[in-house]
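# Survey of secondary and tertiary structure
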Amino acid sequence: MRAEEGQQLPADGGQRLSAEDVRILALETGAVAGHTCKVIILRDALDIGELRRSVAGRLDRAPLMRMRLGEVDGTPWWVPDPQVDVTAHVVSAGLAGSGDEAGLRTAVARIFEQRLDRSRPLWRMDVIPRLANGGSALTWRIHHALADGSTAMRMAGAVLWDDLPAGQPTPGALSRPRETKPVAGPRHRVEGLRAALREAPQPWLHSPFDGHIDGRRAVAFAAAGLDELHRVARAADGATVNDAVLTVVAGGVRRWLEEHHGHLDTIRVKVPVSLHGPAAPHGGAEDPGRRGAGASPGNRDSYFCLDLPLGSADPLERLAAIRRATRLRKRGHDAQHLDTLTRELARAPKLGPFVERILAHPRSFALNVSNVPGPREPVRVLGVPVEAMYSLAEIGEHHVLRVAVVSLAGRLNFGLVADPTLLTDVDHLADAVHAEAAALTASIPLD
């Protein structure tokens, strides 16, 4: 029997990889890893034995974490692993030095560089047992082919965050508005053409983050108040928090570029857009009787591109310009049109890969900035409060820097990943992002 894409095997619940998942697997090279990573900072130490027992006991809530790569009729499939060795997936990581912030960033970068074992389910938790402040850290790598950012947040609720006592609200993911489905017919075709023109590569663009990367990584972190950015966005003619995130990143890049490369008017940014259906009610384990959290492996994302304005030092001017650009793309359903186009091109064996290379070129976009909602309320792991959570996403060929943002309990946390041979001071760029967040929130006084 030759299975169709998405078809399941009745005997073992396997599922064929989608074309997008196969493409993501193929992106992994000696210089590019295929996983994303959550860095979870905890107030106290974690007992790794207790963590292993807890994760093992909750794996049935997240069927994805039992899936490994396999083949059916020579094509790649996700197949269940009946004997997941949790001791190989939840491990203790060493930490050189005193365990201060710089030492933590170095340890996380070394972990991020390591590849996941493709003979096992494609996830791993590395516990850094003791930081200088008495706390600990947990890094959780998940292959991007197995789960995108939205699915990874559901998995965290399923296997990692503590369950709350009955009657208390369960921490959940912030709702992320999805773009509406484009209308079929002539209007759909006209909108599609306009979207294609907006999203088309611009060969005249210069990227300050273009270079031949290797397998080494450096990471850095920044944070901002979610409520404060909400307030600024609402005051700015109906802007969104994601518009504010892009404004903060643009300002940070502007400050950094003026110190290193001189002035640029704009850089082009790629903005991933989730096309998933609504999340589980609390963003974690789904209700009994439903398929478990993240039961369907793979990705359901698209994107749009826009120019981040760097010319003005006024953060409100940048926010207004970004709001206009994102509103235009949302009204034009650019993400949906690009998703349709990508799927159609995937059926063309020669044209598809060519277009894919063009769309991934640094002249198509200089920087990828993703933003995934996390729990609204504070969360705990084995009773230990989580003080912060950062998301890290891998850079690509000729893309020296990437920024990923995730929210937790009223904070927006920025994770930066860079090639340290080409961008030697990503920590300074993170400081610039932090300073720009403060400048934006201060631009509109409290009532």
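Right, let's walk through the structure included here. Every value quoted in this text rests on a predicted model; they were computed, and no experiment measured them. (Residues numbered from 1 in each chain as written. Predicted model: local features only at pLDDT ≥ 70, side-chain atom pairs only at ≥ 80, totals over all residues. Heavy atoms only, no water.)

### Here's the deal with the environment of leucine 146
The cut-off we apply is this: Under the DSSP-based scheme used, a helix requires at least four consecutive residues in state H or I and a strand at least two consecutive residues in state E, with every element numbered from the N terminus. Exposed residues in this analysis have more than 50% of their type's maximum accessible area, buried residues have under 20%, and partly exposed residues fall in between, with area computed by a 1.4 Å probe over protein chains only.
Relative to the elements of secondary structure, leucine 146 occurs in the loop between β7 (136-143) and α5 (149-159). Taking relative accessible area as the criterion, leucine 146 reaches 0% and is therefore assigned buried. Taking the C-alpha atoms as reference points, leucine 146 and leucine 64, 82 residues apart in sequence, are found 7.3 Å from one another.

### Looking at the packing of aromatic side chains
Quick reminder of the rule: What counts as a ring pair is set by centres within 6.5 Å for rings of Phe, Tyr and Trp (its six-membered ring), and what kind of pair is set by the plane angle: stacked under 30 degrees, edge-to-face over 60, tilted for all other angles.
Evaluation of the coordinates by the stated rule reveals two aromatic pairs. When the centroid spacing of 4.3 Å and the interplanar angle of 25° are considered together, the rings of phenylalanine 221 and tyrosine 390 count as stacked. Placement of phenylalanine 221 in strand β8 (residues 218-225) and of tyrosine 390 in strand β13 (residues 384-393) is noted, with a sequence separation of 169 residues between them.

### Here's the deal with the packing of helix α7 (residues 226-235) against helix α8 (residues 241-260)
In helix packing, the relevant descriptors are the interaxial angle and the interaxial distance, both defined with respect to the helix axes. Selection rule: Between N-to-C directions, angles cover 0 to 180 degrees, with each direction set by a line fitted to C-alpha atoms, over the stretch in contact for helices. Our angle categories are set so that under 35 degrees counts as roughly parallel, over 145 as roughly antiparallel, 65 to 115 as roughly perpendicular, and the remainder as oblique. Residues are treated as being in contact if the distance between any of their heavy atoms lies within 4.5 Å.
Put simply, α7 and α8 touch, their axes get as near as 8 Å, and they point 100° apart. Considering the angle they form, α7 stands roughly perpendicular to α8. On the side of α7, the interface is formed by Leu226, Leu229, His230 and Ala233, while α8 contributes Val241, Ala244 and Val248.

### Here we look at the sheet that holds strand β6 (residues 123-128)
Let me state the cut-off plainly: Strand pairing is assigned whenever DSSP detects at least two bridges linking the two strands.
Read from one edge to the other, the open sheet built from six strands follows the order β5-β6-β7-β2-β13-β12, with strand pairing classed as mixed. Edge strands, defined here as strands with exactly one partner in the open sheet, are β5 (90-92) and β12 (380-381). Two elements, β5 and β6, share three bridges in a ladder whose sense is parallel. Residue serine 92 lies in a different strand from β6, and its bridge partner there is valine 127.

### Topic: the pairing of strand β14 (residues 401-408)
Most of β14 sits inside the fold, with eight of its eight residues counted as buried. Residues Leu401, Val403, Val405 and Ser407 point to one face of β14 and Arg402, Ala404, Val406 and Leu408 to the other, with burial holding for every one of them. Of the strand pairs in this sheet, strand β11 (residues 367-372) and β14 are connected by five bridges, and their pairing is parallel. Residue pairing for β14: asparagine 371 is matched across the bridge by valine 405. Of the strand pairs in this sheet, β14 and strand β15 (residues 411-418) are connected by eight bridges, and their pairing is antiparallel. Each bridged residue has a counterpart across the sheet, and for valine 405 the counterpart in β15 is phenylalanine 414. What sits between β14 and β15 in their antiparallel hairpin is a turn of two residues, with alanine 409 showing a positive phi close to 50°.

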